[in-house]
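Chains, contacts and geometry: an overview
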Amino acid sequence: MVSYVRNVTPTVSRVIALTLFLIGALFPFYWMLVTSLKDRQEIYSGKLTLWPKNLTFSNYIDTFQNSSFPHYFMNSFIVSMSSSILVLIVSILGGYSMARHSFRGKKLFLISFLATQMIPVMVILVPLFITFSHLHLLNTLPSLIITYTAMNIPFCLLTMSSFFQRIPVSLEEAALIDGCNKFQTMIKIILPIMRPGIVATLVFAFTGAWNDLFFGVMFTNSESTKTVPVGLSSFVQKFDINWGQMSAAGILSLIPVVIMFAFAQKYIVSGLTEGAVKG
């Protein structure tokens, strides 16, 4: 009996700890969902309610009809998808070159890529701002696409390089013997095997761009170029905060990321573990 208690106690403790962590992590999202389903009177009544007394979808309707949120959403999707595709293309080509070819300065190149991950964002803000100003790219979507692409390439390229290293060179040699050229070998043999790594890289780059607020605030200031994180601040007015519409917009902004993770979770886990950067 004593041994049984000793064996069960750690398991129960872990379950309780994980349950508390899960509640703490999910409660903010639950509260945002509940707030988005309340009417304005109930939100400002000052009474704590865990579920709306009068369920309403008016906040979602107003968010689409009486705000610029649909435009913010489209801007975020264009910027995030464009930058993530560019990151994926560069990471595949660069990762393959780093994994399969040796050249002078390769170690220095890798170290410099790793060093970029330790540079504070504030350090590069002013040079980027000046550069985009001279190129007349401020307050445009290309400025965000370029920034997010450059910020995500180092980590994603190193991850893809490590993933390429796990694929035996003999597979490529066999394909070449069978008559495939380098391009056909990459398309028909390597890329299908690397699907988990490709999906993990795409999701990482997409979510990084989708959730960014800092560069969006710095490089855009008009309604036509704001992204979702920047646009959410428009619900904070001078004398009032529209909590209902802000919560509804927050819930809607989670949909693309949730859908992406739901369909790609099995690839993400295997891709991040198998493509972990090695020293």
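Structure shown above.
The model shown is predicted, which means the values in this text are computed figures rather than measured ones.

Turning to the nonpolar core, a few remarks are in order. Counting residues in hydrophobic clusters, the biggest one holds 18 residues, and the most contacted among them are Tyr 60, Phe 69, Val 203, Trp 210 and Val 228. Secondary-structure elements contributing two or more residues to this core are α4 (69–100), α10 (195–210) and α13 (243–274). Residue contributions to this core peak at 8 residues, all from α13. Once residues within four sequence positions are removed from consideration, Phe 69 is found in contact with Thr 63, Val 228, Ala 249, Leu 252 and Ser 253. Residues Ile 92, Met 160, Met 186 and Met 194 belong to the second largest nonpolar core, which totals 12 residues.

Further remarks concern the packing of aromatic side chains. Taken as a whole and assessed by the stated rule, the structure comprises 14 aromatic pairs. Each ring, one from Phe 129 and one from Phe 219, has its centre 6.5 Å from the other, and the planes form 35 degrees; the classification is tilted. Of this pair, Phe 129 sits in helix α6 (residues 121–134) while Phe 219 sits in helix α11 (residues 214–219), and the two are 90 residues apart along the sequence. A relative accessible area of 38% means that Phe 129 is categorised as partly exposed. In this structure Phe 219 comes out as buried when scored by relative accessible area, which is 1%. Grouping aromatic residues by their ring pairs yields a cluster made of Phe 64, Phe 69, Phe 73, Phe 77, Phe 206 and Trp 210.

With that settled, consider the environment of Leu 158. Summarising the element assignment, Leu 158 is placed in helix α7 (residues 141–165). For Leu 158, a relative accessible area of 8% puts it in the buried group. Each C-alpha atom, one on Leu 158 and one on Met 98, is 8.4 Å from the other, the two residues being 60 residues apart in sequence.

Positionally, Asn 242 belongs in the loop between α12 (228–231) and α13. The exposure class of Asn 242 is buried, given its relative accessible area of 14%. Polar side-chain contacts of Asn 242 include one of 3.2 Å to the backbone nitrogen of Gln 245. The contacts of Asn 242, once residues within four sequence positions are left out, are Arg 40, Tyr 44 and Phe 235.

Parameters at a glance
- Residues numbered from 1 in each chain as written.
- Predicted model: local features only at pLDDT ≥ 70, side-chain atom pairs only at ≥ 80, totals over all residues.
- Heavy atoms only, no water.
- Core = buried A, V, L, I, M, F, W, Y, C linked by side-chain atoms within 4.5 Å.
- Buried < 20%, exposed > 50% of the residue type's maximum accessible area, 1.4 Å probe, protein only.
- Helix = DSSP H or I, 4+ residues; strand = E, 2+ residues; numbered from the N terminus.
- Contact = heavy atoms within 4.5 Å.
- Phe/Tyr/Trp six-rings, centres within 6.5 Å; stacked < 30°, edge-to-face > 60°.
- Polar contact = N/O pair within 3.5 Å; in protein donor to acceptor, adjacent residues only side chain to side chain.

It is worth stressing that arrangement in space is one thing and function is another; only the former is reported here.
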